[in-house]
Amino acid sequence: MSETFDPELVEAARKAFAGPVGFLKSAPSLNFLPDMTVPEVAFAGRSNVGKSSLLNALTNRNGLARTSNTPGRTQELNFFDVGDPPRFRLVDMPGYGFAEAPKDLVKKWRFLVNDFLRGRAVLKRALVLIDSRHGIKPVDREIMDMLDGAAVSYRLVLTKADKVKASALAEVTERTAAEVRTRPAAHPDIIPTSSEGGLGIPELRAAVLEAVG
Ligand SMILES: Nc1nc2c(ncn2[C@@H]2O[C@H](COP(=O)(O)OP(=O)(O)O)[C@@H](O)[C@H]2O)c(=O)[nH]1
Ligand SMILES: [Mg+2]
């Protein structure tokens, strides 16, 4: 179940992420998407799952993606270029599942994400972030349904692994893997990560590079 990545791929990925990384643009609607010039990998997850922290850990830059304790309510797609000239692009998708979200905001999120997933030819993979303490929640199943429906291949990534004991991490990893086995577009292996401790970060970089390869 735990996956081993080719050391050469891991090293190539380390180098790719060590180079220039920059914020490209923010798209509040599909009219503002950047041109489809390079392959993309999108990051999805519930608000507060640790998405911004993970983007920062991957790129080794503290302030690249904003991190905070307050669940973000901005419904935007944020694009980051990796490499100069850009070799690939990371897409920070709007968080979902925050409490007291007004219905029209949820609806807007659903249309924006669904249209993006269905229309983005350069989108190679999505990474769906799951909090190690909570496992897959119903709102995560909704985004997985959208990904399966749009035939966008995706991987599940556990976040905040440092917050649970090793035994609990093994258990949630197993449980998560068991659930995605039935999903057509999901990769069978789960990557446990910690943005604080660095667990799984080299592997996640490798998974990104593999997808945009
Ligand atoms: N212990 C721990 N805390 C984390 C980790 N990743 C994120 N956090 C914390 O979780 C909160 C939400 O993180 P953030 O990256 O803003 O989540 P986002 O809403 O998904 O972008 C912040 O207080 C982070 O410091 C992690 O790997 N370990
Ligand atoms: Mg964030």
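Scroll up to find the structure this text is about.
Residues numbered from 1 in each chain as written. Chains lettered and ligands numbered in written order. Predicted model: local features only at pLDDT ≥ 70, side-chain atom pairs only at ≥ 80, totals over all residues. Heavy atoms only, no water.

K.L.:
Is there a simple way to think about the overall build of the protein in this case?
P.N.:
The helix and strand inventory of the protein stands at six helices and seven strands. Starting at the N terminus and walking to the C terminus, you meet the elements of the protein as α-β-β-α-β-β-α-β-α-β-α-β-α. In summary, the protein has a C-alpha radius of gyration of 16 Å against a globular reference of 17 Å for 213 residues, a match within 12%. Each principal axis of the C-alpha atoms in the protein carries an extent, and together these give about 45 × 40 × 35 Å. Per-residue burial over the protein gives 50% buried out of 213 residues. Long-range pairs, those at least 24 residues apart, make up 76% of the contacts in the protein with a sequence separation of at least 6. Placing the 29 positive and 26 negative side-chain charges of the protein at their respective mean positions leaves the two points 4 Å apart. (Helix = DSSP H or I, 4+ residues; strand = E, 2+ residues; numbered from the N terminus. Rg over C-alpha atoms; globule rule 2.2 N^0.38 Å. Buried < 20%, exposed > 50% of the residue type's maximum accessible area, 1.4 Å probe, protein only. Contact = heavy atoms within 4.5 Å. Lys, Arg positive; Asp, Glu negative; His and termini not counted. Charge placed at Lys NZ, Arg CZ, Asp CG, Glu CD.)

K.L.:
Which parts of the structure should I look at to understand the packing of helix α1 (residues 7-18) against helix α6 (residues 201-212)?
P.N.:
The angle between the axes and the distance between the axes are what describe a pair of packed helices. Viewed as axis vectors pointing N to C, α1 and α6 meet at an angle of 90°, and their least axial separation amounts to 8 Å. In terms of orientation, α1 lies roughly perpendicular with respect to α6. Where α1 abuts α6, its residues Leu-9, Val-10, Ala-12, Ala-13, Arg-14, Ala-16 and Phe-17 lie against Pro-202, Arg-205, Ala-206, Val-208, Leu-209 and Glu-210. Residues that form the contact of α1 with α6 fall into these classes: ten nonpolar, no polar and three charged. (Axes fitted to C-alpha atoms, helices over the stretch in contact; angles between N-to-C directions. Parallel < 35°, antiparallel > 145°, perpendicular 65-115°, else oblique. Nonpolar A, V, L, I, M, F, W, Y, C, P; charged D, E, K, R; others polar.)

K.L.:
Help me out: how do you make sense of helix α4 (residues 138-150) in this one?
P.N.:
Turn by turn, an α-helix covers 3.6 residues, leaving residues three or four places apart pointing in a common direction. With 13 residues, α4 extends 19 Å from end C-alpha to end C-alpha; this agrees with the ideal 18 Å at 1.5 Å per step. For α4, the full list of buried residues reads Asp-140, Ile-143, Met-144, Met-146, Leu-147, Asp-148 and Ala-150. Packed against the buried residues of α4 are β2 (40-45), α3 (103-119), β5 (123-131), β6 (154-159) and α5 (166-180). Once α4 ends, the next one or two residues include Ala-151, with phi positive near 55°. (Expected span 1.5 Å × (residues − 1).)

K.L.:
How should I be thinking about the sheet that holds strand β4 (residues 88-92) in this particular structure?
P.N.:
Strand pairing in a sheet is mediated by backbone hydrogen bonds. Such pairs are either parallel or antiparallel. The mixed open sheet is built from seven strands, whose spatial order is β1-β3-β4-β2-β5-β6-β7. Of all strands in the sheet, those bounded by a partner on one side alone are β1 (21-27) and β7 (191-192). Bridge analysis of strand β3 (residues 77-82) against β4 gives five bridges, and the strand direction is antiparallel. The residue of β4 that forms the bridge with Phe-79 is Val-91. Against the sheet, α5 contacts β6 and β7, and its axis sits at roughly 160° relative to β6. (Pairing = 2+ DSSP bridges.)

K.L.:
Honestly, unusual backbone geometry in this entry has me stumped. Any pointers?
P.N.:
Both trends apply: most residues other than glycine have a negative phi, and most peptide bonds are in trans. Omega for the peptide link from Asp-84 to Pro-85 comes to 0°, which places this bond in the cis form. With respect to the helices and strands, the residue Pro-85 is situated in the loop between β3 and β4. Residues other than glycine seldom take positive phi values, yet Asn-48 does so here, at roughly 80°. The topology assignment puts Asn-48 in the loop between β2 and α2 (51-59).

K.L.:
So what exactly am I meant to see when it comes to the pattern of salt bridges here?
P.N.:
Two side chains that carry opposite charge are able to pair once their charged atoms sit near each other. By the definition in use, this model includes 16 salt bridges. We note a salt bridge from Asp-131 to Lys-160, for which the minimum N-O separation is 3.9 Å. Here Lys-160 lies in the loop between β6 and α5 and Asp-131 lies in strand β5, a separation of 29 residues in the sequence. One continuous salt-bridge network, built from bridges that share partners, spans Glu-3, Arg-125, Arg-155 and Glu-210. (Salt bridge = Lys/Arg side-chain N within 4 Å of Asp/Glu carboxyl O.)

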